[in-house]
Every structure is written in structure tokens, then in C-alpha cells.
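Fold and contact review
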Amino acid sequence: MTTKIAIQGIKGSFHHQVVKEYFSENVDIDECLSFEELIDSLLSGKSEQAVMAIENSIAGPIIPNYALIDKNNIHIIGEHYLNIHQNLMALKGQKIVDIKEVHSHPMALLQCMDFLKQYPNIKLVEDKDTAETARRIQEKQLTGIAAIASKTASEMYNLEIIAPEIQTIKNNMTRFVIIKKQNSFLPENEINRASIKFELDHKRGSLAAVLNVMSDCKLNLTKIQSLPKIETPWKYAFFVDVTFEKYEDFAKAKSLLNIMAEYFKVLGEYKNTKPLSES
């Protein structure tokens, strides 16, 4: 049986690479050029699952994606970490001196800024997807324009890598989450990571009290990010990722946070796959 998986971008993108590494069964790809389109693919039933970038070791968390998951009541059912190798590529026969513009996703441009600063005369142009940019260069035979994308994209779209591994930090890793419209329930003994959201009353010590509860319940806080509630000035929603050794510790924390917070929601309970060298 074939599983339909939505990705942000096209084949040859980093999202596509995650699909190939994470899913063992036969899959069919739904290419989406925005994360909003990816969510719509899930909600409409066009796709059964989706892969979504959520955090990068250089650029940090992609908070709008947490908000999309929350707003649409999507469930995080897994995660996958991918080492990101960014390459500058163009039509065959071109050199770096021929390049007038570099097109890529804003995140890719940010990850390669030290390299790009060496060429102040090259214009940087933000685009929706790394692989889509590579494909367009080949299809339209665009000279003087380079893309930043994966080695896979250069091979798929027959471009020449004119500068390999140009990411500023060589240990550049992106965390992706696997999401579904309906939750997938793992046995509790396999769950050791969770993503949660809570909102607190705007008073002194409220966040500290919540963090103390997490510590007392033996939860390891791996990420916390605040997002202002636009409709309620001076109130914030907090998106938090935690890991734990025993599910019963997380269950205890959930019951306490549900009482302490004005609003509490679990975005996903799943298996922690973070590489040990990155912990």
C-alpha cells in the first residue's frame, strides 16, 4: 500500500530527503510550495501524513510552523534530524565570477551568509524552495543565476556545483516533525518526548512556577519559545519541547500544568530521535 506524504517543496528538497530516510514503506509525494498548502493537504485528506521543518541548529525554531500545527489541531507523531549540506549550483560551465544573483529559501541564505558575504556584488533573492529554484534554473536555462540547494537537487536537475558545503557551520542540522490529522498512539514505554503549548496569566512568577513543576517532574526542557497573543495584548503562548525517561513523570506534569495554566494543550507525544552527539 502506498502512503501519501505532503512535503514543503519539490522532489530533491530536504523535506523529500527526510521522507526517503524516515518512511520505509512505499510513498507518494504531494509537493507543496508553502507550509500552509502542506497543512491544507492534510486537512483535506489529500495526504495521510506530512513532513514539516520545525527547528534549525543555526537559525533556531520556525515558530510560524508551531502556530500552524496548533491552529489546525494537527498532531506531531514523530521527528527526524537531518544534516544540512548547502551547495551553490548553476548551469554547467558557469563559474562563480559569472553569477549575478543567488536564489534560495531565506533559511538557506541565512545558513550560508559567511560565504555569501565574500561576494558583495551578488544579489540575494529569497525564494519559496531550494529545489524549486534549482529546477527553474535548468528549465529556463537561466545564466548568471545560482541556487543554494542539496547535492540531490543538483543531480536531479542537472546543475553543476560550483561551491560545495557553503553552510557557515558545518554541523548544521534541521529537525523535522512528522504530522497527521489524527493522532497516532504509541505505547507509553516508547514515548519520551513531547511538544506542548500553554498560556499563562500575566503576573510575576507564573512562568517560573511552571518551569519548577517541569523540573520537579524530571522533565528536560529542550526548547521554549514565546509567541504573543495578538488578540490579547501582553499575554503570551509558550511552545515547549520536553524529554523524559518515564511517561508517568510527563503524565504527572500534564495534570499539574492543566491546573496551573490558563490554557494547556499537547501538540504531540512521540519518540525522541535526537542524535546523542547533539544532546
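All values reported here derive from a predicted model rather than from experimental measurement.

A few points about the overall build of the chain
A tally of helices and strands in the chain yields nine helices and 15 strands. For 279 residues, the compact-globule formula gives about 19 Å, and the C-alpha radius of gyration of the chain, at 21 Å, lands near that figure. Along the first, second and third principal axes, the C-alpha set of the chain runs to 65 × 45 × 40 Å. Looking at the chain residue by residue over its 279 residues, the buried ones come to 49%. Long-range pairs, those at least 24 residues apart, make up 73% of the contacts in the chain with a sequence separation of at least 6.

Section: the UniProt feature "domain: ACT" (unreviewed entry) in the chain
The sites that carry the UniProt feature "domain: ACT" (unreviewed entry) are, in the present numbering, residues 195-271. Secondary structure content for residues 195-271 is 32% helix and 39% strand, while the C-alpha to C-alpha distance between its ends is 11 Å.

A few points about the UniProt feature "domain: Prephenate dehydratase" (unreviewed entry) in the chain
The feature "domain: Prephenate dehydratase" (unreviewed entry), as annotated in UniProt, sits at residues 4-181 in this numbering. Counting secondary structure, residues 4-181 comes out at 30% helix and 33% strand; the distance between its end C-alpha atoms is 13 Å.

Some thoughts on the environment of Trp234
Its location among the elements puts Trp234 in the loop between strand 13 (220-228) and strand 14 (236-243). For the pair Trp234 and His202, spaced 32 residues apart in sequence, the C-alpha separation works out to 7.1 Å.

Digging into a nonpolar patch on the surface
On the surface, Leu211, Leu221 and Ile224 cluster together to form a nonpolar patch covering roughly 200 Å² of accessible area. When its relative accessible area of 34% is taken as the criterion, Leu221 is described as partly exposed.

Comments concerning the environment of Glu262
One can find Glu262 in the loop between helix 9 (247-260) and strand 15 (263-270). Judged by relative accessible area, which is 46%, Glu262 ranks as partly exposed. On a C-alpha basis, the gap between Glu262 and Asp30 in space is 38 Å, while along the polypeptide they are 232 residues apart. Setting aside residues no more than four positions away along its own chain, Glu262 makes contact with Glu199, Leu200, Asp201 and Lys235.

Details of the packing of aromatic side chains
Inspection of the entire model under this criterion finds seven aromatic pairs. Arranged with centres 5.4 Å apart and planes meeting at 50°, the rings of Phe115 and Tyr119 form a pair that is tilted. For Phe115, a relative accessible area of 15% translates into the label buried. For Tyr119, a relative accessible area of 28% corresponds to the partly exposed category. Here Phe244 and Phe250 contribute two aromatic rings whose centre-to-centre distance is 4.9 Å and whose plane-to-plane angle is 0°, an arrangement assigned as stacked. Take Phe244 and Phe250: they sit in the same class, and that class is buried.

A word on the side chain of Thr130
Along the chain, Thr130 turns up in helix 6 (residues 130-139). Thr130 gets classed as buried once you look at its relative accessible area, which sits at 6%. Contact partners of Thr130, with chain neighbours within four places excluded, come to Phe14, Ser104, His105, Ala108, Ile148 and Ala149.

What counts as what
- Residues numbered from 1 in each chain as written.
- Predicted model: local features only at pLDDT ≥ 70, side-chain atom pairs only at ≥ 80, totals over all residues.
- Heavy atoms only, no water.
- Helix = DSSP H or I, 4+ residues; strand = E, 2+ residues; numbered from the N terminus.
- Rg over C-alpha atoms; globule rule 2.2 N^0.38 Å.
- Buried < 20%, exposed > 50% of the residue type's maximum accessible area, 1.4 Å probe, protein only.
- Contact = heavy atoms within 4.5 Å.
- UniProt positions renumbered as here; feature names shortened; annotations may be inferred.
- Patch = residues over 30% accessible without salt bridge, like charges linked within 9 Å, V, L, I, M, F, W, Y side chains within 5 Å.
- Areas by Shrake-Rupley, 256 points an atom, 1.4 Å probe, with all protein chains shown as cover.
- Salt bridge = Lys/Arg side-chain N within 4 Å of Asp/Glu carboxyl O.
- Phe/Tyr/Trp six-rings, centres within 6.5 Å; stacked < 30°, edge-to-face > 60°.

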